[in-house]
Amino acid sequence: MRCAEETSKQCRERTMSAPLSERINIGSICAITIAIFAIFMLSTGIAHAQFLFWPQYTFGPGHYAPFKHKHYHRQKNSESAKNARPEDAPKGPLQIIISIADQRVSLFDNGALIARASVSTGTQGHPTPLGVFSVISKQRWHRSNIYSAAPMPYMQRITWSGIALHAGVVPGHPASHGCIRLKNDFAIRLWHLTKRGTRVIIAHDDVQPVEITNPHLFKPKAVSGSPEFQTATVAGKSISTAAATHGSLESNAETPEAASLQVPGSAPAGVAPKKIVPISLFVSRKLSKLFVRQGFSPLFDVPVKIENPEEPLGTHVFTAMEFQNEGAAIRWNVVSIPQEFPRMSVGATKEREAPAKQTALSVPLLDKANAALDRIDIPQDTVERISELLTPASSLIISDNEFSHETGKDTDFIVVTH
């Protein structure tokens, strides 16, 4: 600014000392000079402001380049260009895990952590429910039906009663009325990656998926080389890579994760391609039943026997990742939600709380997941029926609870643990 003042002063002095015929030309040149200087300073300030407000979150290296959006400038550095490649599409089923204690969301692709960011969940008076959910509806622009039409951009609904993930203010502590607020840029990227059916798990503490093998986990019945196996294999790949195309995600935002496929030679010309939709299974210790849904619609349910039914099973979410051994097996992972620890009196000290928590966590969660599977006896004909329907992205939920009353039309199983 001092330079601009000096330049203006010099121009006035030259103008006053010059003959009248030259004053007009000198004044015009000075005005142009000052205008150019002002434009330069303004553009520099804007660039500096953009740098200061660049979003602070982390996506894993090599994953998910920034999406184009009319309200956001495109990155022009070489790293952005390098990341914007087709192979950066999801490699397998996506899992969204939210930790209330850490106020953090973690995104897993094919069982591997690829992104992590801060969130703001519900306050004590309006807590965010814990449990197992999935994306049941998506809207780019949405206003709350409950709280004075509050804006909820890039909304991903997980319950019909009003709980959703959406862009909003993230102050570093719980501040919402139950929803999970995301930072704007992260909310946009996540909205474009997910589809209806994407699993969302909300726990008090941080949890993560781990690989699991157990003889009681379901195995695919289709044999390698058969049309069924080929169709299911392509379906798994289509489900996991559907997010590669921006337009595909927008056009299918209101349909469950599914693939319309045609195996060459498996059907005559003109016949509509077969849709492959992952199945969801739910075993409730409280009801002693196994429930099966496909494409958000119930298929059937059967009674099951549970060894020592009085003892808790815990809550575990098993997800089929991909076929293995030429279709003879399928890879699974599991997310186990720790049980709530007993609340101690207000006067309890940290020294009293710490040993209690350590004791509760002494048994590894993976062992608890295996133990839960071992205690459930499913009729053999039901096992075979499920094996015929099994595809990548299918899931099995085991819980002591029954499913929420919100489980119904156009939802996957909703299981609230607290």
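Read on for an overview of the structure. For clarity, every value in this text was computed on a predicted model and none was experimentally measured.

## Describing the environment of Gly178
By the element assignment, Gly178 lies in the loop between strand 8 (164-167) and strand 9 (180-182). In sequence terms Gly178 and Pro127 are 51 residues apart; their C-alpha atoms lie 5.1 Å from each other. Apart from residues no more than four positions distant in its own chain, Gly178 is found in contact with Gly122, His126, Pro127, Thr128, Pro129 and Ile163.

## Quick look at helix 8 (residues 365-374)
By the burial criterion, the buried members of helix 8 are Ala369, Asn370, Ala372 and Leu373. The buried residues of helix 8 occupy one face: seen down the axis, they fall within an arc of 160°. Its buried side turned inward, helix 8 meets strand 11 (210-212), strand 18 (315-324), strand 19 (329-337), strand 20 (376-377) and strand 21 (395-399).

## Comments concerning the sheet that holds strand 11
Within the open sheet, the seven strands sit side by side as 11-19-18-21-14-15-16. Their pairing is mixed. Only two strands of the sheet have a single neighbouring strand rather than two, namely strand 11 and strand 16 (297-303). Averaged over all pairs of adjacent strands, the angle between strand axes in this sheet comes to 25°, irrespective of strand direction. Bridging between strand 11 and strand 19 involves three bridges; their strand directions are antiparallel. Note that in strand 19 the partner of Ile212 across the bridge is Trp332. Where helix 9 (residues 380-389) meets the sheet, it contacts strand 14 (279-284), strand 15 (289-294) and strand 16, and its direction lies at approximately 155° from that of strand 16.

## Details of the side chain of Arg181
Residue placement: Arg181 occurs in strand 9. Although Arg181 is buried, it makes no salt bridge; Asp185 carries the closest opposite charge, 18 Å away. Within the structure, Arg181 has its side chain in polar contact with the backbone oxygen of Val169 (distance 3.1 Å). At 3.1 Å, the side chain of Arg181 and the backbone oxygen of Ala175 are in polar contact.

## Topic: the pattern of salt bridges
With the rule as written, the count across this model stands at 11 salt bridges. Ionic pairing is found between Arg104 and Asp102, a salt bridge with its closest N-O pair at 3.6 Å. Ionic pairing is found between Arg199 and Asp412, a salt bridge with its closest N-O pair at 3.5 Å. Taken together, the positions of Arg199 in strand 10 (residues 199-203) and Asp412 in the loop between strand 21 and strand 22 (415-416) put the pair 213 residues apart, joining distant regions of the chain. As far as burial versus exposure is concerned, Arg199 and Asp412 are alike and both buried. In this structure, a network of salt bridges that share partners links the residues Asp102, Arg104, Arg116 and Asp206.

## Overview of the pairing of strand 21
In terms of burial, strand 21 is a largely internal element, five of the five residues being buried. Residues Ser395, Ile397 and Ser399 line one face of strand 21 and the alternating positions Leu396 and Ile398 line the opposite face, and both faces are buried. Two strands pair when backbone bridges link them, and strand 14 and strand 21 are joined in this way by five bridges, in the parallel orientation. Within the sheet, the bridge partner assigned to Leu281 lies in strand 21 and is Leu396. Bridge analysis of strand 18 against strand 21 gives four bridges, and the strand direction is antiparallel. Considered in strand 21, the bridge of Phe318 is made with Leu396.

## Regarding unusual backbone geometry
At Gln103, a position not held by glycine, the phi torsion is positive, near 50°. Position of Gln103 relative to the elements: it lies in the loop between strand 2 (94-99) and strand 3 (104-109). Its relative accessible area of 8% is what places Gln103 among the buried residues. We note that Asn110 has phi near 60°; this positive angle belongs to a residue other than glycine.

## Regarding the pairing of strand 14
The element strand 14 is largely enclosed, with a buried count of six among its six residues. Burial along strand 14 is two-sided: Ile279, Leu281 and Val283 and Ser280, Phe282 and Ser284, pointing in opposite directions, are all buried. Relative to strand 15, strand 14 is paired through six bridges, and the arrangement is antiparallel. The residue bridging Ile279 from the neighbouring strand is Gln294, located in strand 15. The antiparallel hairpin formed by strand 14 and strand 15 contains four residues in its connecting segment, where Ser288 sits at a positive phi of about 55°.

## Things to note about the environment of Glu322
Locating Glu322 in the fold gives a position in strand 18. Between the C-alpha atoms of Glu322 and Pro93, which are 229 residues apart in sequence, the distance is 9.1 Å.

## A short note on the packing of aromatic side chains
For the coordinates displayed, the defined rule picks out six aromatic pairs. Between Phe403 and Phe413, the ring centres sit 6.0 Å apart and the planes meet at 40°, which makes this aromatic pair tilted. Taken together, the residues Phe403 in the loop between strand 21 and strand 22 and Phe413 in the loop between strand 21 and strand 22 connect sequence positions 10 residues apart. Owing to a relative accessible area of 24%, Phe403 belongs among the partly exposed residues under this scheme. In this structure an aromatic cluster arises from ring pairing among Phe282, Phe291, Phe403 and Phe413. In this structure, Arg293 is placed above the aromatic ring of Phe413, and the distance from its NZ or CZ to the ring centre is 5.6 Å.

What counts and how
Residues numbered from 1 in each chain as written. Predicted model: local features only at pLDDT ≥ 70, side-chain atom pairs only at ≥ 80, totals over all residues. Heavy atoms only, no water. Helix = DSSP H or I, 4+ residues; strand = E, 2+ residues; numbered from the N terminus. Contact = heavy atoms within 4.5 Å. Buried < 20%, exposed > 50% of the residue type's maximum accessible area, 1.4 Å probe, protein only. Arc of directions from axis to C-beta. Pairing = 2+ DSSP bridges. Axes fitted to C-alpha atoms, helices over the stretch in contact; angles between N-to-C directions. Lys, Arg positive; Asp, Glu negative; His and termini not counted. Salt bridge = Lys/Arg side-chain N within 4 Å of Asp/Glu carboxyl O. Polar contact = N/O pair within 3.5 Å; in protein donor to acceptor, adjacent residues only side chain to side chain. Phe/Tyr/Trp six-rings, centres within 6.5 Å; stacked < 30°, edge-to-face > 60°. Lys NZ or Arg CZ within 6 Å of the ring centre and 35° of its normal.

Scope: geometric values only; no functional claims are made or implied.
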